[in-house]
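# Overview (structure and organization)
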Amino acid sequence: MPRPASVTIGVSLKMYFGHHETLNWCRRIADIADRHPAVTGGLAEVFVLPSFPTLVPAAGLLAGTGVRVGAQDLCAHDAGAYTGEVSGAQLKEIGCGYAEVGHAERRRLFHEDEAVVAAKTAAALRNGLTPVLCVGEPERTDAAQAAARCVAEVESALADAERAGTLGPLVVAYEPQWAIGAPEPASPEHIRAVCAALAAWLAGRGPLAGSRVVYGGSAGPGLLTRLGPEVGGLFLGRFAHDPAAFEQILDEAMALHGTPVAGGV
Ligand SMILES: O=C[C@H](O)COP(=O)(O)O
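This write-up is about the structure you can find in this document. Keep in mind that what you see is a predicted model, and the values were worked out from it rather than measured. (Residues numbered from 1 in each chain as written. Predicted model: local features only at pLDDT ≥ 70, side-chain atom pairs only at ≥ 80, totals over all residues. Heavy atoms only, no water.)

Tallying secondary structure elements over the chain gives 10 helices and 8 strands in all. For a compact globule of 265 residues, the expected C-alpha radius of gyration is about 18 Å, and the chain comes in at 17 Å, within 12% of that figure. Counting only C-alpha atoms and orienting by the principal axes, one finds that the chain spans roughly 55 × 40 × 35 Å. The buried share of the chain, taken over its 265 residues, is 53%. Restricting the contact set of the chain to residue pairs at least 6 apart, pairs at least 24 apart contribute 74%. (Helix = DSSP H or I, 4+ residues; strand = E, 2+ residues; numbered from the N terminus. Rg over C-alpha atoms; globule rule 2.2 N^0.38 Å. Buried < 20%, exposed > 50% of the residue type's maximum accessible area, 1.4 Å probe, protein only. Contact = heavy atoms within 4.5 Å.)

If you want it as structure tokens, here you go:
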């Protein structure tokens, strides 16, 4: 499989930072993205998912850097009496490009089942947002079993959008649940095998052309260059909190294309 022309690097800040801390982090990321050849040269497509209150100022701070913002969640409905919710339409209006759906924490802590994940995926797509659809096996298992579960999760998550005729490209974030918040990611062999199965499944479906499969779950510096072309990038959590680590991952994105950054990898 040839390596794609670019990798996707996403970061979810979850609810780790405060408001001002998030904006300071965005300023640092904007500085890095402004000058880093992986971003300016189009080798890395970067998105960040801060919490809702920071989306508007974060979009302002990152404007013109090539880094897109997105939300960590969205409502399945577009408008109406849904107290506390934020719609895909609102997210689009304020400049979001992405909406995360189906993260293991939302499934486990907020009881979001397959029906909710499908409804939210459809809401993202009909509002012109790229879903960052998280899938992953709960316990350690072999790659074939993990891949079968993940493909089934993607298929189920896309069912509503398929019925509505609004399928479109998405980012599938393969996140084995047991590797989230862990000290180490899954092994490169496991990641490659599961991502290859997901990429093969996506490749056979026309409306999904342009979709990416990325890996998340304790991903950080040193992982990207150990993965193959089946893996379209990384979905980062804790190990992007330090902007220097984020920059190192961009260096690694350059190295993947045989273009080491001076002083970098
Ligand atoms: O959303 C990101 C993933 O859940 C990974 O988080 P983590 O790298 O902190 O384990």
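The rest of the description comes next.
Bringing the pairing of strand E8 (residues 233-236) into the picture now. Neither face of E8 is exposed, since Gly 233 and Phe 235 on one face and Leu 234 and Leu 236 on the opposite face are all buried. When strand E1 (residues 7-12) meets E8, the two strands line up parallel, connected through 4 bridges. Across the sheet, Ile 9 pairs through a bridge with Leu 234, a residue of E8. Direction of pairing for strand E7 (residues 212-216) relative to E8: parallel, over a ladder of 2 bridges. Of the residues in E8, the one forming a bridge with Tyr 215 is Leu 234. (Pairing = 2+ DSSP bridges.)

With their axes 8 Å apart at the nearest point, helix H6 (residues 114-126) and helix H7 (residues 143-157) run at an angle of 60° to one another. Relative to H7, H6 is oriented oblique. Residues Glu 114, Val 117, Ala 118 and Thr 121 of H6 lie in contact with H7, whose contacting residues are Glu 153, Ser 156 and Ala 157. Of the residues assigned to the contact of H6 with H7, the class counts are 3 nonpolar, 2 polar and 2 charged. (Axes fitted to C-alpha atoms, helices over the stretch in contact; angles between N-to-C directions. Parallel < 35°, antiparallel > 145°, perpendicular 65-115°, else oblique. Nonpolar A, V, L, I, M, F, W, Y, C, P; charged D, E, K, R; others polar.)

Here we take up the site of the ligand. The full set of residues close to the ligand is Ser 12, Lys 14, His 103, Glu 175, Ile 180, Gly 181, Gly 217, Ser 218, Ala 219, Phe 235, Gly 237 and Arg 238. At a separation of 3.0 Å, an oxygen atom of the ligand approaches a polar backbone atom of Ser 218. At 2.6 Å, a side-chain N or O of Arg 238 approaches an oxygen atom of the ligand. In the complex, 100% of the free accessible area of the ligand, which totals 310 Å², lies under the protein chains. (Near = heavy atom within 4 Å. Polar contact = N/O pair within 3.5 Å; in protein donor to acceptor, adjacent residues only side chain to side chain. Areas by Shrake-Rupley, 256 points an atom, 1.4 Å probe, with all protein chains shown as cover.)

On strand E6 (residues 171-174), burial covers both faces: Val 171 and Ala 173 on one face and Val 172 and Tyr 174 on the other are all buried. Where strand E5 (residues 130-135) lies against E6, 4 bridges are found, and the strand directions are parallel. Residue pairing in the sheet places Val 132 in a bridge with Val 171 of E6. With 4 bridges joining them, E6 and E7 adopt parallel strand pairing. Among the inter-strand pairings, Val 172 is bridged to a residue of E7, identified as Val 213. Remark: the E6/helix H9 (residues 188-203)/E7 crossover connection has right-handed handedness. (Right-handed = clockwise from strand over helix to strand, strands pointing away.)

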